[in-house]
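Residue-level structure breakdown
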Amino acid sequence: MPALDIGGLLVEKPIIQGGMGVGISMSGLASAVANEGGIGVISSVCLGLVKSELQQKYREANKIALRNEIRKTKELTKGIVGLNIMVAVSDFDEMVKIAFEEKVDIVFLGAGLPIKFPKIFPLDELKKSNTKVAVIVSSARAARILFKHWWKNYDYTPDAVVVEGPMAGGHLGFKKEQINNPAYKLENILPEVITVVNDYEQASKKNIPVIAAGGIFTGADIYKFLELGANGIQMATRFVATHECDASNEFKKSYLNCNKNDLTIIDSPVGMPGRAIINNFLDDVSRGVKKPFNCPWKCLKTCDFREAPYCIALALTNAQKGNLKEGYTFAGANAYRIKKIVSVKKLFQTLEKEY
């Protein structure tokens, strides 16, 4: 496999482990991936809920837990460590500042367009930082809007772009009717995004790699998307079924036990469609059963907790800890193809052989 160069950050293998919240990709998984030459990615979302031993208010607990996870990951690896930060979280600015203060190698900004991101720092400080910035988009239109705004207002561009197609797990950047529309397949949107990025590569005089994501499952898939013009790939679902993944065994077994018909598109309380594995919890929700909860703090900007049928942060935290009666698992479209749990090292060996 070719190496991936992100503004001088040289990644031995062009494989990025997607950030998975709540608490699915923390120090255990991220360090293992980094040790194999890919980019291991921590998810920053709601770590204060996962780390229930922290007695502070959740917003403070999130900050403490995130710093701890970044430092723990760095103790476990000399490889490349990334951090996924959802634009939709209400403590987005705080999470970004911690990422730069703790000197993570690269941040991945998704679940919304980070139009105002460069305003978080003095621009000179941002440009001098060794922390790279990648943005996650689902269309050429989104890429064009973001690049145009950053370039016009800040004379600045992302260091990399992740193009996430509709076969991804979790929250999706597509309308429901677009998810199964062939026009929105990753194979079709990838070249369009590459065209947008090429324009700004010329203007900024720097290389901006484009990374394909969403439904990539095998080494043959990696080869296919590199041939289509991607510089690297991001995969997440495949990494859940590893010994090092930070989820509970019950969470992992939900992948092993699901079939294709168990994967469904849900209406998330945050106002976006999402792909998950259907279970009794989601069956109840689909029948109109409300799951009572107290909102400790409005963790997502787009969540109307007064109207939400359940707390998504709590449901995902319960699943991470193995309580699937009170939660559910997000998963990519290929989750049903997973048949066993392996080590991250074994998974990398398999992907390289398939490639």
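The preceding data block contains the structure.
What this report covers is the structure whose coordinates are included nearby.

Rules used in this analysis
Residues numbered from 1 in each chain as written. Predicted model: local features only at pLDDT ≥ 70, side-chain atom pairs only at ≥ 80, totals over all residues. Heavy atoms only, no water. Buried < 20%, exposed > 50% of the residue type's maximum accessible area, 1.4 Å probe, protein only. Helix = DSSP H or I, 4+ residues; strand = E, 2+ residues; numbered from the N terminus. Contact = heavy atoms within 4.5 Å. Salt bridge = Lys/Arg side-chain N within 4 Å of Asp/Glu carboxyl O. Pairing = 2+ DSSP bridges. Right-handed = clockwise from strand over helix to strand, strands pointing away. Core = buried A, V, L, I, M, F, W, Y, C linked by side-chain atoms within 4.5 Å. Phe/Tyr/Trp six-rings, centres within 6.5 Å; stacked < 30°, edge-to-face > 60°.

The next point concerns helix 1 (residues 27–35). Of all nine residues that make up helix 1, seven are buried, and the element is covered over most of its length. Of the surrounding elements, those touching the buried residues of helix 1 are strand 3 (15–17), strand 4 (39–43), helix 3 (58–76), strand 5 (80–86), helix 10 (237–240) and helix 14 (344–354). Where helix 1 ends, the next residue or the one after it, G37, has phi of about 100°, a positive value.

Below, the discussion takes up the pattern of salt bridges. Across all of its chains, the model carries 13 salt bridges by this definition. Salt-bridge contacts for R71 lead to E102; the nearest nitrogen and oxygen are separated by 2.7 Å. Residue R71 is located in helix 3, and its partner E102 is located in the loop between helix 4 (92–101) and strand 6 (106–110); the two are separated by 31 residues in the primary sequence. Take E102: its relative accessible area is 11%, and that puts it in the buried class. We note a salt bridge from K206 to D159, for which the minimum N-O separation is 3.2 Å. Of this pair, K206 sits in the loop between helix 8 (186–204) and strand 10 (210–213) while D159 sits in the loop between helix 6 (140–154) and strand 8 (160–164), and the two are 47 residues apart along the sequence. A residue is classified by how much of its surface remains accessible, and D159, at 12% relative accessible area, is buried.

Residues of strand 10 alternate between two faces, with V210 and A212 on one and I211 and A213 on the opposite face, all of them buried. One ladder, built from four bridges, connects strand 8 with strand 10; its direction is parallel. Its bridge partner lying in strand 10, V161 is registered against V210. Handedness of the strand 10-helix 9 (residues 219–227)-strand 11 (residues 232–235) crossover: right-handed.

A few words now on the nonpolar core. Ranked by internal contacts, the top residues of the largest apolar core, which has 106 residues, are F117, F239 and Y328. Tallying contributions element by element places helix 8 first for this core, with eight residues. Not counting residues up to four positions away in its chain, the partners in contact with Y328 are I266, A276, I277, N279, F281, L282, Y310, I312, A315, L316 and A319. Counting 16 residues, the second-largest nonpolar core is a separate cluster that includes V41, I80, I136 and V162.

This next bit is on unusual backbone geometry. The linkage connecting G21 with the following residue, V22, adopts the cis geometry, with an omega of 5°. Positionally, V22 belongs in the loop between strand 3 and helix 1. Its identity is not glycine, yet A111 carries a phi of approximately 55°, on the positive side. Turning to its location among the elements, A111 is positioned in the loop between strand 6 and helix 5 (123–128). A positive phi angle, near 55°, is found at D155, a position not held by glycine. As for its placement among the helices and strands, D155 is situated in the loop between helix 6 and strand 8. A relative accessible area of 45% means that D155 is categorised as partly exposed.

Another aspect to go through is the packing of aromatic side chains. One pass over the full model with this rule turns up 14 aromatic pairs. For the ring pair F100 and F117, a centre distance of 6.4 Å and an interplane angle of 40° mean the geometry is tilted. Residue F100 is located in helix 4, and its partner F117 is located in the loop between strand 6 and helix 5; the two are separated by 17 residues in the primary sequence. The pair F100 / F117 is uniform in exposure class, with both members buried. An angle of 50° between the planes, with centres 4.5 Å apart, marks the rings of F100 and F121 as tilted. Taken as a pair, F100 in helix 4 and F121 in the loop between strand 6 and helix 5 lie far apart in primary sequence, 21 residues in all. On the basis of relative accessible area, F100 is assigned to the buried category, the value being 12%. Grouped by ring-pair contacts, the aromatic residues F100, F117, F121, W150 and Y156 constitute a single cluster.

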